[in-house]
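# Working through the structure, step by step
Chain residues, written in single-letter form:
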Amino acid sequence: MTLIPELTILQPDDKEHIDLPRTLEDELAVGKKRLYIESYGCQMNFADSEIVAAVMRNAGYATTSSAADADVIFLNTCAIRDNAEQKVRHRLKHLTGLKRQKPELLVGMLGCMAERLKTKLLEEEKVVDIVAGPDAYRDIPKLVEEAESGQKAVNVFLSREETYADISPIRLNSNGVTAFVSIMRGCDNMCSFCVVPFTRGRERSRDPFSIVREAQDLFDRGYREVTLLGQNVDSYKWSSEVLGARSEELGEEHASATPHSSLPERRPLAPNTNITTFALLLEMVAQIHPDLRVRFSTSHPKDITDDVLHTMARYANICNYIHLPAQSGNSRVLKLMNRTYDRPWYIGKIDRIREILGEDCGISTDMISGFCTETEEEHQDSLSLMDYVHYDYAYMFAYSERPGTLAAKKYADDIPEDVKKRRLNEIIARQLSHSAERNQRHIGQVQRVLVEGTSKRSDDFLCGRNDQNKMVVFPKGNHQKGQYVNVLVTECTSATLRGEVVNE
Ligand code: SAH
Ligand code: SF4
Ligand code: F3S
């Protein structure tokens, strides 16, 4: 009987498109079984877990935040670097202990590592009962049933169409203010170091109507920020012919399940074309409400357009922040990486961002140290690119060879680990000083901050992000999460801005 409150605490006012139980009996049935889901890797994986939770709820499972209480445990895994996989293997060891105490417990591996290793996972990790790739989540209740009958269950088929457009995610570990919205899946770029095209399959975009509807629904439920997610958002593309057919399907299917979410009046079509581009989609989401902030990730330097930058400039609620991963600052290495741009092209994009959006626009990057054959001078080019841009933030990695990728097939992983690490440390040190410098710029400025919750360090302080995605901490006063406040920044570290609220 303690199960219903738990369900309500997690999602007090869900409005799923898929049918929710309505009667008390149904509620009790939902409470019968519990799902615990743990996510690794990128934001897209976290967003996918919310889709899985929705599918499983429809199959009668409530989510729990305690692995020990669960009947089914899913690990939604990442395969991007070897250490991401090692982390999951380590976690499985712990789950083996849990399963010994509770033999009926089912353990499922989802996501990119599941897709990469397929049935090999079942051979290598005896504790695993279910293996489901990123396009198999609708099939998960069936896989669970199979596993309950004592068989190992696997579905790792990749799809050319699946976008889960009609499934309204159940927000897990949500602050109730910010949410991720997937706008596309897969990736058609073949960066030579990257496993994603193999684990996520072909790129496909999601119906723009379903995206706007999801964002509108979030806004109606009190959320104030959405981050539009894709591996390469600038190649988002939806053609009206497909749109016509799919929207009819979606409209009919969901009309009764979601009476409160109406379709937007605006047509998502560019003038004189039948294509919805990313710039247009961004605009459609921004138009939902001026108080709904819009972020997006990831932008690919080869594809980001002036159109996107001008759209950002036109809407105050599209955040002034771009994640534009360079990976390397050297043109030869970029060519080996198959990134399809070179250093001058990348610098051109940075200049364009500064021109159209100003010096204050936040820019972040991903950097890889020690890619195959990278020389000391080429590594210096990465540092000098960082000096040119002065990134606000960076995600930095030592190259990790991934089986099956183009680089693994074509090039020797010939930079010794200690050299990769040393180069990585140099990149990190450079970034720390740039982050500190970029944060200093805000001292004395008044920043508009969306309050996300109390500060981790102290209950007397609140925290939230500014336009450029920087965390700002300030005394609580009478302010609450979900509100916008103006904060005068008085001090900073390389990670955080601090200040006080100046006017309501
Ligand atoms: N779609 C995004 C990247 C997604 S993966 C883009 O194109 O920018 C996130 C980051 O992980 C990449 O940007 C890259 O910096 C890093 N990464 C990917 N494969 C890697 C590998 N084999 N070794 C080290 N880092 C890697
Ligand atoms: Fe990987 Fe490149 Fe696709 Fe990003 S764009 S997911 S790095 S293949
Ligand atoms: Fe990892 Fe897959 Fe994301 S490999 S980074 S979880 S797309």
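Just so it is clear, the model here is predicted, and its values are computed rather than measured.

## What to know about the packing of aromatic side chains
Summed over the entire model, instances satisfying the criterion amount to seven aromatic pairs. When the ring of Tyr 137 is compared with that of Tyr 164, the centres are 5.9 Å apart and the planes differ by 15°; the resulting orientation is stacked. Linking Tyr 137 in the loop between strand E5 (130-132) and helix H7 (140-148) with Tyr 164 in the loop between strand E6 (153-155) and strand E7 (178-182), this pair joins segments that are 27 residues apart in sequence. You'll find Tyr 137 and Tyr 164 in the same group, each marked buried. Here Phe 193 and Phe 371 contribute two aromatic rings whose centre-to-centre distance is 6.3 Å and whose plane-to-plane angle is 80°, an arrangement assigned as edge-to-face. Pair noted here: Phe 193 is in the loop between strand E8 (184-185) and helix H8 (196-200) and Phe 371 is in the loop between strand E15 (362-369) and helix H15 (376-389), with a separation of 178 residues, a long-range link. Look at Phe 193 and you get buried, because its relative accessible area is 11%. Cluster of aromatic residues (ring-pair linked, three or more members): Phe 193, Phe 371, Tyr 399 and Tyr 411. Sitting above the plane of the Tyr 484 ring, Arg 448 keeps its charged end 3.9 Å from the centroid. Arg 498 extends its terminal NZ or CZ atom over the ring of Phe 461, reaching a point 5.8 Å from the ring centre.

## Structural notes on the environment of Ala 114
Tracing the backbone through its elements, the reader meets Ala 114 in helix H5 (residues 111-117). Taking the C-alpha atoms as reference points, Ala 114 and Gly 133, 19 residues apart in sequence, are found 5.7 Å from one another. Filtering out sequence-adjacent residues up to four positions away, Ala 114 remains in contact with Thr 77, Met 109, Leu 121, Val 131, Ala 132 and Val 156.

## Points about the packing of H15 against helix H17 (residues 417-440)
Relative to each other, H15 and H17 sit at 15°, their axes nearing to 10 Å. With respect to each other, H15 and H17 are oriented roughly parallel. The handedness of the crossing between H15 and H17 is right-handed. In contact with Glu 376, His 379, Gln 380, Leu 383, Met 386 and Asp 387 of H15, H17 contributes Val 419, Arg 422, Arg 423, Glu 426, Ile 427, Arg 430, Gln 431 and His 434. A class-by-class count of the residues in the contact of H15 with H17 yields four nonpolar, four polar and six charged.

## Considering the site of ligand 2
Around ligand 2, a shell composed of Cys 187, Asn 189, Cys 191, Phe 193, Cys 194, Val 196, Pro 197, Gln 231, His 300 and Arg 339 is seen. When its residues are assigned to classes, the shell around ligand 2 shows six nonpolar, three polar and one charged.

## Brief notes about the side chain of Arg 206
Structurally, the position occupied by Arg 206 is in the loop between strand E9 (204-205) and helix H9 (208-220). The residues touching Arg 206, leaving out its near neighbours within four places in the chain, are Thr 163, Ala 165, Val 181, Ser 182, Ile 183, Met 184, Ile 211, Glu 214, Tyr 236 and Trp 238.

## As for the site of ligand 3
Residues in close proximity to ligand 3 include Cys 42, Asn 45, Cys 78, Ala 79, Ile 80, Cys 112, Val 196, Arg 200 and Gln 231, which together make up its full environment. For the shell around ligand 3, the residue count by class is six nonpolar, two polar and one charged. When residues of the shell around ligand 3 are assigned to domains, at least three fall in each of domain 1 (9-155) and domain 2 (175-319).

## Some details on the UniProt feature "binding site: [4Fe-4S] cluster 1" (unreviewed entry) in the protein
Those residues carrying the UniProt feature "binding site: [4Fe-4S] cluster 1" (unreviewed entry) are Cys 42, Cys 78 and Cys 112 in this numbering. In summary, the annotated positions, though distributed over 71 residues, converge in three dimensions, the widest C-alpha pair being only 10.4 Å. Of note, Cys 78 is situated in the loop between strand E3 (72-77) and helix H4 (82-101). Cys 78 has contacts with Tyr 40, Gly 41, Asn 45, Ala 84, Glu 85, Cys 112 and Met 113, leaving out every residue within four places of it along the chain. Here Cys 112 shows up in helix H5. Setting aside residues up to four positions removed in sequence, Cys 112 forms contacts with Thr 77, Cys 78, Ala 79, Pro 134, Thr 199 and Arg 200.

## A closer look at the pattern of salt bridges
All told, the structure shown has 42 salt bridges when counted by the stated rule. Among the ionic pairs, Arg 352 bridges to Asp 306, the shortest N-O distance being 2.7 Å. Here the residue Arg 352 occupies a position in helix H14 (residues 343-357), and Asp 306 occupies one in helix H12 (residues 306-314), the gap between them amounting to 46 residues. Residue classification places Arg 352 among the partly exposed positions, given a relative accessible area of 27%. Judged by relative accessible area, Asp 306 falls into the partly exposed class, the value being 28%.

Conventions and cut-offs
- Residues numbered from 1 in each chain as written.
- Chains lettered and ligands numbered in written order.
- Predicted model: local features only at pLDDT ≥ 70, side-chain atom pairs only at ≥ 80, totals over all residues.
- Heavy atoms only, no water.
- Phe/Tyr/Trp six-rings, centres within 6.5 Å; stacked < 30°, edge-to-face > 60°.
- Helix = DSSP H or I, 4+ residues; strand = E, 2+ residues; numbered from the N terminus.
- Buried < 20%, exposed > 50% of the residue type's maximum accessible area, 1.4 Å probe, protein only.
- Lys NZ or Arg CZ within 6 Å of the ring centre and 35° of its normal.
- Contact = heavy atoms within 4.5 Å.
- Axes fitted to C-alpha atoms, helices over the stretch in contact; angles between N-to-C directions.
- Parallel < 35°, antiparallel > 145°, perpendicular 65-115°, else oblique.
- Left-handed = near helix turned anticlockwise from the far one by under 90°.
- Nonpolar A, V, L, I, M, F, W, Y, C, P; charged D, E, K, R; others polar.
- Near = heavy atom within 4 Å.
- Domains from an automatic or database assignment.
- UniProt positions renumbered as here; feature names shortened; annotations may be inferred.
- Salt bridge = Lys/Arg side-chain N within 4 Å of Asp/Glu carboxyl O.

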